[in-house]
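Structural characterization, general
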Amino acid sequence: RSAPVLALDGPSGSGKGTIGQICASQFGWHYLDSGAIYRGLAWLAQDHNVSVDDVAGLVALADSMELTCHVQENDVAKIEINGQFVTAELRTEETGEIASQIAPLAPVRASLLAMQRRCRKAPGLVADGRDMGTVVFPDAEFKVFLTASAQIRAQRRFDQLKSKGFDVNLARLLESIQARDVRDSSRAESPLKPADNAYVLDTSDLSIDEVVASIMDYVNKR
Ligand code: C5P
């Protein structure tokens, strides 16, 4: 029997990353940031001058991508791609934007599927993304879908980027989050949507502790 999975899906800025890492550390489970894989491929494509409509080129890059996630003591993951540390490069809005442009491509998603499934290891995995509960781990024991208003998600991204020293503009962030929502939810391939039996949680008015407590409650009741 394979290791248990907590699939944590939701739009950009819903808190998946923060919540996912806290849950993983409380359970003592592994953590998969699947967005980092799409961002990693986006970064590689930029680095190799492969354009977002060169599907064959993107698939070749995806197949050759070696991504390692080094989780550190303070729970902040450092990401290494083909031997280079690119943690900060992956977090930029530009990389997120390109990631969401290549994410609709079925051959690209297919090529990244095995890499994600290999992360399912004992004692368990918390997997965060858009299609963890629907496509990558449809048999996950626990499925949570986090939402929040676009306004609040933009504000959270703003605070997060600001605190890391990035120069950001709130109105532009909101626009980019809304555009990304439309693109991620309307694509034919693995669209962003709650799995049939997912626990849907609106985090707009909740603190991080309240969200974690609510997920713990859901997990313990199952
Ligand atoms: O979650 P994050 O903002 O890092 O993801 C960047 C982009 O990667 C998303 O906008 C989405 O288009 C894509 N993505 C995806 N499937 C996942 C994770 C991310 O399509 N499981």
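Every chain begins its residue count from 1, and numbering advances along the sequence as written. Residues qualify for local features only when their pLDDT is at least 70, as the model is predicted, and side-chain atom pairs are given and counted only at 80 or more; totals for whole chains, interfaces and linings, by contrast, use all residues.

Once that is clear, we can look at the overall build of the protein. Counting secondary structure elements, the protein contains ten helices and eight strands. We take the radius of gyration over the C-alpha atoms and set the globule estimate at 2.2 Å times the residue count to the 0.38 power. In summary, the protein has a C-alpha radius of gyration of 16 Å against a globular reference of 17 Å for 222 residues, a match within 12%. In terms of principal-axis extent, the alpha carbons of the protein reach across some 50 × 45 × 35 Å. Restricting the contact set of the protein to residue pairs at least 6 apart, pairs at least 24 apart contribute 74%. The numbering of helices and of strands both runs from the N terminus, where a helix is a DSSP run of H or I of at least 4 residues and a strand a run of E of at least 2. What counts as a contact here is a pair of residues whose C-beta atoms, placed from the backbone, lie within 7 Å.

Turning our attention to the site of the ligand. The ligand sits among 14 residues. The nearest are Gly35, Tyr38, Ser100, Ala103 and Gly129. Elements represented by at least two residues in the shell around the ligand include exactly helix 2 (34–47), helix 5 (93–102) and helix 9 (170–186). Looking at the shell around the ligand, its residues break down into three nonpolar, six polar and five charged. We call a residue near a molecule or strand if the C-beta atom, set from the backbone, is within 6 Å of it. Lys, Arg, Asp and Glu make up the charged group, whereas Ala, Val, Leu, Ile, Met, Phe, Trp, Tyr, Cys and Pro make up the nonpolar group; the residues left over, Gly among them, are polar.

In this section: the nonpolar core. Within the largest apolar cluster, 28 residues are counted, with the highest numbers of intra-cluster contacts made by Leu6, Ala7, Leu8, Val126, Ala127 and Val144. Where this core is concerned, the elements lending two or more residues are strand 1 (5–9), helix 1 (16–27), strand 2 (30–33), strand 6 (125–129), helix 7 (132–136), strand 7 (142–147) and helix 10 (208–221). Here Ala7 is in contact with Ala127, Met132, Gly133, Phe137, Ala140, Phe142 and Lys143, once residues within four sequence places are set aside. Definition of nonpolar core: a set of buried Ala, Val, Leu, Ile, Met, Phe, Trp, Tyr and Cys residues joined via C-beta atoms within 7 Å. Here the C-beta atoms are placed from the backbone, and a residue counts as buried if at least 20 other C-beta atoms lie within 10 Å of its own, exposed if 12 or fewer do, and partly exposed otherwise.

Here we take up the confidence of the model for the protein. Summary of the metric used: pLDDT quantifies the predictor's per-residue confidence within the range 0 to 100. For the protein, per-residue confidence averages 92 on the pLDDT scale, and 97% of positions sit at 70 or higher. Per-element averaging of pLDDT across the protein places strand 3 (residues 67–71) at the bottom with 77 and strand 1 at the top with 98.

Time to look at the packing of helix 5 against helix 9. Geometry is summarised by axes, namely lines fitted to C-alpha atoms with helices restricted to the contacting stretch, and by angles between N-to-C directions that run from 0 to 180 degrees. Taken N-terminus to C-terminus, the directions of helix 5 and helix 9 make an angle of 20°; their axes are 10 Å apart at the nearest point. Comparing their axes, helix 9 and helix 5 come out roughly parallel. Crossing of helix 5 over helix 9 shows left-handed handedness. Here Glu93, Glu97 and Ser100 of helix 5 come into contact with helix 9, specifically with Ser176, Arg180, Arg183 and Asp184. Here the angle decides the label: under 35 degrees means roughly parallel, over 145 means roughly antiparallel, 65 to 115 means roughly perpendicular, and every other value means oblique. Each crossing gets its handedness from the near helix: less than a right angle anticlockwise from the far helix is left-handed, clockwise is right-handed.

As a further point, take unusual backbone geometry. In this chain, Ala122 is followed by Pro123 through a cis amide linkage whose omega measures 5°. Position of Pro123 among the secondary structure elements: in the loop between helix 6 (106–117) and strand 6. The backbone of Asn82 sits at a positive phi, close to 45°, despite the residue not being glycine. Positive phi values are uncommon outside glycine, yet Ser190 reaches one of about 45°. Counting through the fold element by element, Ser190 comes out in the loop between helix 9 and strand 8 (199–202).

In this section: the environment of Val5. Within the secondary structure, Val5 sits in strand 1. Sequence separation between Val5 and Asp196 is 191 residues, and the spatial gap between their C-alpha atoms is 16 Å. With sequence-adjacent residues up to four places away left out, Val5 is seen in contact with Arg120, Gly124, Leu125, Ala127, Phe137, Ala140 and Glu141.

Here the focus is the UniProt feature "binding site: ATP" (unreviewed entry) in the protein. Taking the numbering used here, the UniProt-annotated feature "binding site: ATP" (unreviewed entry) corresponds to Gly10, Pro11, Ser12, Gly13, Ser14, Gly15, Lys16, Gly17 and Thr18. Mapping Ser12 onto the fold places it in the loop between strand 1 and helix 1. With residues up to four places along the chain from it excluded, the contact list for Ser12 reads Gly96, Arg153, Ile177 and Arg180. Mapped onto the elements of the fold, Lys16 is located in helix 1. Discounting residues that sit within four places of it in the chain, Lys16 has contacts with Leu8, Gly10, Asp128 and Leu146. UniProt positions are given in the numbering used here, feature names are shortened, and annotations may be inferred rather than shown by experiment.

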